[in-house]
Structures are given as C-alpha cells and as structure tokens.
Amino acid sequence: MLNIKIEKTTAPKAKPEGKLGFGKIFTDHMFIMNYTEGQGWHDARIVPYGDLSFSPACMVFHYGQEMFEGLKAYRGTDGTPRLFRPDMNAKRTNDTNKRLCIPELPVEDFVQAVSAVVDVDRDWIPSDPGTSLYIRPFIIATDAFLGVAPSKTYLFIIILSPSGAYYESGLAPVGIWIEDDYVRAVRGGMGFAKTGGNYAASLAAQVKAHDDGYSQVLWLDGVERKYIEEVGAMNIFFKIDGKIVTPMLNGSILPGITRNSVIELCKSWGLDVEERKISVDELLEAQATGKLEECFGTGTAAVISPVGKLRYKDDVMTINGGNIGEISQKLYDTVTGIQCGSVEDKFGWVVTL
Ligand SMILES: *Cc1c(COP(=O)(O)O)cnc(C)c1O
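Looking at this structure, I do not really get the overall build of the protein. What am I missing?
For the protein, the count of helices and strands is eight helices and 18 strands. The C-alpha radius of gyration computed for the protein amounts to 21 Å, which stays within 12% of the reference 20 Å derived for 353 residues, consistent with globular compactness. Oriented by its inertia axes, the alpha-carbon framework of the protein measures out at about 60 × 50 × 35 Å. A burial count over the protein gives 51% of its 353 residues as buried. Within the protein, counting contacts between residues at least 6 apart in sequence, those at least 24 apart form 70% of the total. Here the protein displays about 15900 Å² of accessible surface, and carbon together with sulfur accounts for 50% of that area. Positive and negative charge centroids in the protein, built from 36 and 45 side chains respectively, lie 1 Å apart.

Looking at this structure, I do not really get the site of the ligand. What am I missing?
In the vicinity of the ligand, 15 residues are found, and the nearest of them are Lys194, Tyr199, Glu230, Thr258 and Thr300. Here Lys194 contributes a side-chain N or O atom positioned 2.7 Å from an oxygen atom of the ligand. One nitrogen or oxygen atom from the main chain of Ile257 is found 2.8 Å from an oxygen atom belonging to the ligand. Residues that form the shell around the ligand fall into these classes: five nonpolar, six polar and four charged.

Whenever I open this one, the environment of Asn97 confuses me. Can you help?
Among the secondary structure elements, Asn97 is positioned in helix H2 (residues 86–99). For the pair Asn97 and Tyr63, spaced 34 residues apart in the sequence, the C-alpha separation amounts to 15 Å.

Before we go on, may I ask you to explain the layout of surface pockets in this structure?
Quantified by volume, the second largest pocket comes out at close to 390 Å³. Considering the residues around the second largest pocket, the lining is formed by 23 residues, among which Tyr74, Pro129, Gly130, Thr131 and Thr336 are closest to the centre. Every element with two or more residues in the lining of the second largest pocket is listed here: strand E5 (71–75) and helix H8 (326–340). With four residues, H8 is the largest single contributor of residues to the lining of the second largest pocket. Here the lining of the second largest pocket is composed, by residue class, of 11 nonpolar, nine polar and three charged.

In this structure, what is going on with helix H7 (residues 280–288)? I would like to understand it.
Because an α-helix completes one turn every 3.6 residues, residues spaced three or four positions apart along the sequence face the same direction. Those residues of H7 that sit buried are Val280, Leu283 and Ala286. Each buried residue of H7 lies within a common arc of 125° when the element is viewed along its axis, so the set occupies one face. Within H7, the exposed residues directed more than 90 degrees away from the buried face are Asp281, Glu285 and Ala288. On the buried face of H7, the contacting elements are strand E10 (216–220), strand E11 (228–231), strand E12 (235–240), strand E15 (292–299), strand E16 (303–312) and strand E17 (315–318).

Would you explain the pairing of strand E7 (residues 132–141) in this entry?
Along any regular strand, the residues point their side chains to alternate faces of the sheet. Taking burial as the measure, the 10 residues of E7 include nine buried ones, the bulk of the element. In terms of strand pairing, strand E4 (residues 66–68) meets E7 through three bridges, oriented antiparallel. Bridging from a neighbouring strand, Met67 pairs with Ile139 of E7. Sheet analysis places E5 next to E7, joined by three bridges and oriented antiparallel. Each bridged residue has a counterpart across the sheet, and for Lys72 the counterpart in E7 is Tyr134.

Explanation requested: the packing of aromatic side chains in the structure shown.
Two aromatic rings, taken as a pair, are described by how far apart their centres are and by the angle between their planes. Summed over all chains, the structure comprises 13 aromatic pairs. Between Trp177 and Tyr214, the aromatic rings sit 5.8 Å apart at their centres with planes inclined by 65°, giving edge-to-face as the arrangement. In this pair, Trp177 is assigned in strand E9 (residues 174–178) and Tyr214 in the loop between helix H5 (203–211) and E10, connecting sequence segments 37 residues apart. The two residues Trp177 and Tyr214 agree in class, both being buried. Three or more aromatic residues joined by ring pairs make a cluster, and in this case those are Phe31, Tyr35, Trp41, Phe110, Tyr154 and Phe156. Taking NZ or CZ as reference, Lys309 lies 4.8 Å from the ring centre of Tyr214, over its face. For Lys330, the ring lying beneath its charged end belongs to Trp269, and the centroid distance is 4.1 Å.

What counts and what doesn't
Residues numbered from 1 in each chain as written. Predicted model: local features only at pLDDT ≥ 70, side-chain atom pairs only at ≥ 80, totals over all residues. Heavy atoms only, no water. Helix = DSSP H or I, 4+ residues; strand = E, 2+ residues; numbered from the N terminus. Rg over C-alpha atoms; globule rule 2.2 N^0.38 Å. Buried < 20%, exposed > 50% of the residue type's maximum accessible area, 1.4 Å probe, protein only. Contact = heavy atoms within 4.5 Å. Areas by Shrake-Rupley, 256 points an atom, 1.4 Å probe, with all protein chains shown as cover. Lys, Arg positive; Asp, Glu negative; His and termini not counted. Charge placed at Lys NZ, Arg CZ, Asp CG, Glu CD. Near = heavy atom within 4 Å. Polar contact = N/O pair within 3.5 Å; in protein donor to acceptor, adjacent residues only side chain to side chain. Nonpolar A, V, L, I, M, F, W, Y, C, P; charged D, E, K, R; others polar. 1 Å grid on protein atoms, 1.4 Å probe; cavity = no way out; pocket = protein on both sides within 12 Å on 5 of 7 lines; lining within 4 Å. Points joined across faces, edges and corners; volume = space filled by probe spheres on them. Arc of directions from axis to C-beta. Pairing = 2+ DSSP bridges. Phe/Tyr/Trp six-rings, centres within 6.5 Å; stacked < 30°, edge-to-face > 60°. Lys NZ or Arg CZ within 6 Å of the ring centre and 35° of its normal.

This is the structure we're talking about:
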C-alpha cells in the first residue's frame, strides 16, 4: 500500500466544453512518485498539475530510458467512474520495465496510484457517449549524467486528459498502409515494450502513409518483411474463411489488453481463434479467393477500428466492400458496453471507483 499525500489545487481550471479531441487538455492534478537506488519507490503524492523542471543532462533526454502506459476511466451509465483491466496495465508496465532496466513496481501500487489520481479528478471524467478520461502513466530516467548506463533515479508520473469520442460520426472503416521498407521492431529488440523509442522509430513510415492518404501503418516482421505484425498503436485481426486470426505474440509485437479481451470474447462466442504467423501472401491469396472477410485493429484509443482498405505495394485490397464487418461491430458494441456498464461484465474486467 502506498501512503499517498494529496495536495489539492487552489486554482481549479474550468472544465472544457464542446469537442474534446485527444491529448490536449489536462486535469487539475497529477500523481508523482520518486525512485532512488537503495531506497526504492518513495514520496507518492498527488499535486496540482503543472510544469516540472529538469537538468538538461537528465538521462531520459539523451538515451530514451522511459516507458509509458495508456488506459481510460469511463463514466458508467449509472454515473460511477470505471477502469478497464488496470491490473493488466500494471503487469505490462513491469514487462516493459524489465526490458529497459527500469525498477519494477508492485501491481497493487500501480492500480492504487491510478485509482487515487482518477478519484481526485473524478469530476473531469466526461459523460457523453464514447468520451472518457485518458490516463497516461509514465516513468522517466532522471539522473543528470551523460554516461550510458541505467539511471539510479526515476520519476513515475500519471497525468489525465479528458478525451472525445474516437469516432465522431459512428464507427468508420480506415485505410491501412502495409509498410514494406521501414521496420518497427525485431525479435530481441523492444517491440513488446511500451516505450517511446518504438514510436520514434515509427514516425517516418507514418508520415509517408499519411501523405498517401492512409491513416495508419501496418508493420511487417523486421527480418523477412513477410509476416504481419501490428498497426501503429493497435494490434490487428483478420476474419479469414470464418476463423478469427491474429499474429501470435513473438517478442516484437505489443501485447495489447484490447487484443487479449477480443480473443477471450471471440472464444466465449464459440468462434475459432488462431494466434499464429500470417504472411502478406496469405492475405493476398485469401482476398483473391473471397475468403478475407473482415479486418480490424484493436487498442485502447479506438477499441475496435474496422479496416476497409489495405495497401501492399501495388495491390489495394478492399475488405468487405469497405464496410464494417459483423464481428467488428459486435466486438465494438460488447467491449464499449462492458466498459460503460450497459453490457454484463462476465469476465470481471471492470473496476469501479
Ligand atoms: C498500446 C499499444 C497497442 C494497444 O494496446 P492496448 O493495451 O490494447 O491499448 C498496440 N500496439 C502498440 C504499439 C501500442 O503501443
């Protein structure tokens, strides 16, 4: 159990009105905790949201030793704040931390910290359908030292940002660019870790895809550039000949919590789910024979993102006539329903605050 000191702001901000967008508005408070070698994690506190000051020599600025998480608080249909599987974010934090030589954090402490700061700013959780309070926990290396080594001090910070509905005018299929030149991660690298470096590596391809009118990049494996890995900030699923197929976790793919939930749900509905290697050639072949029935991305931000168009070199595949697939829609309705409390939570995924 953390002993969290709470210092409330004396100058609360006005809550935003109108469209919220994503990631630009922040609440009144934030959570901060220090780590010092020999002492462990200490001084857990909730303080007014504001700028922090650092030495320009701070390690995170030079060698990128940092990690982050992303989850949301939802206002239930009954008005109660709800979190979706926060223990999974806590466990994934430790998997990321191990890879980046960042000290681990007890799962209960992570969940306690998230719950405490959301509770202090619970009035900031928006209530319109599809809106939520985005929660961004992150850890940065803070030693003022230019040598290459794991830092001896860290900060764990949680900031909160009210965000609008991902789909302003209903669930809509997106176009995805299968990247055949740049790669995101390789086995043995840090693809499974949620860390800024993976995103820095992804920007050039994302800019290229956007310039061509595609909304996101689908990465291929870094060795043969032949097997499907994942989308920018989403895992990817296909429905091929009646089966739900997704790339297996192989060390270079981020193990999404939405991915895990979708697999559980599909299995509970009696669908065949396969986690395995999927080559681009298999997709092209399935498309040619009419067996590529659906494609969708999964992630906390969009929950389910139906894919209507997939581009690979000179081939452009239109999936399900560019329409939302039946399973994609059912998954979206079910997951968002569980999150806001209108669908029964059979799996015990929701934590109410
Ligand atoms: C966070 C993330 C995902 C999705 O994970 P969720 O836990 O479902 O939000 C997928 N891919 C990458 C690269 C990510 O960073």
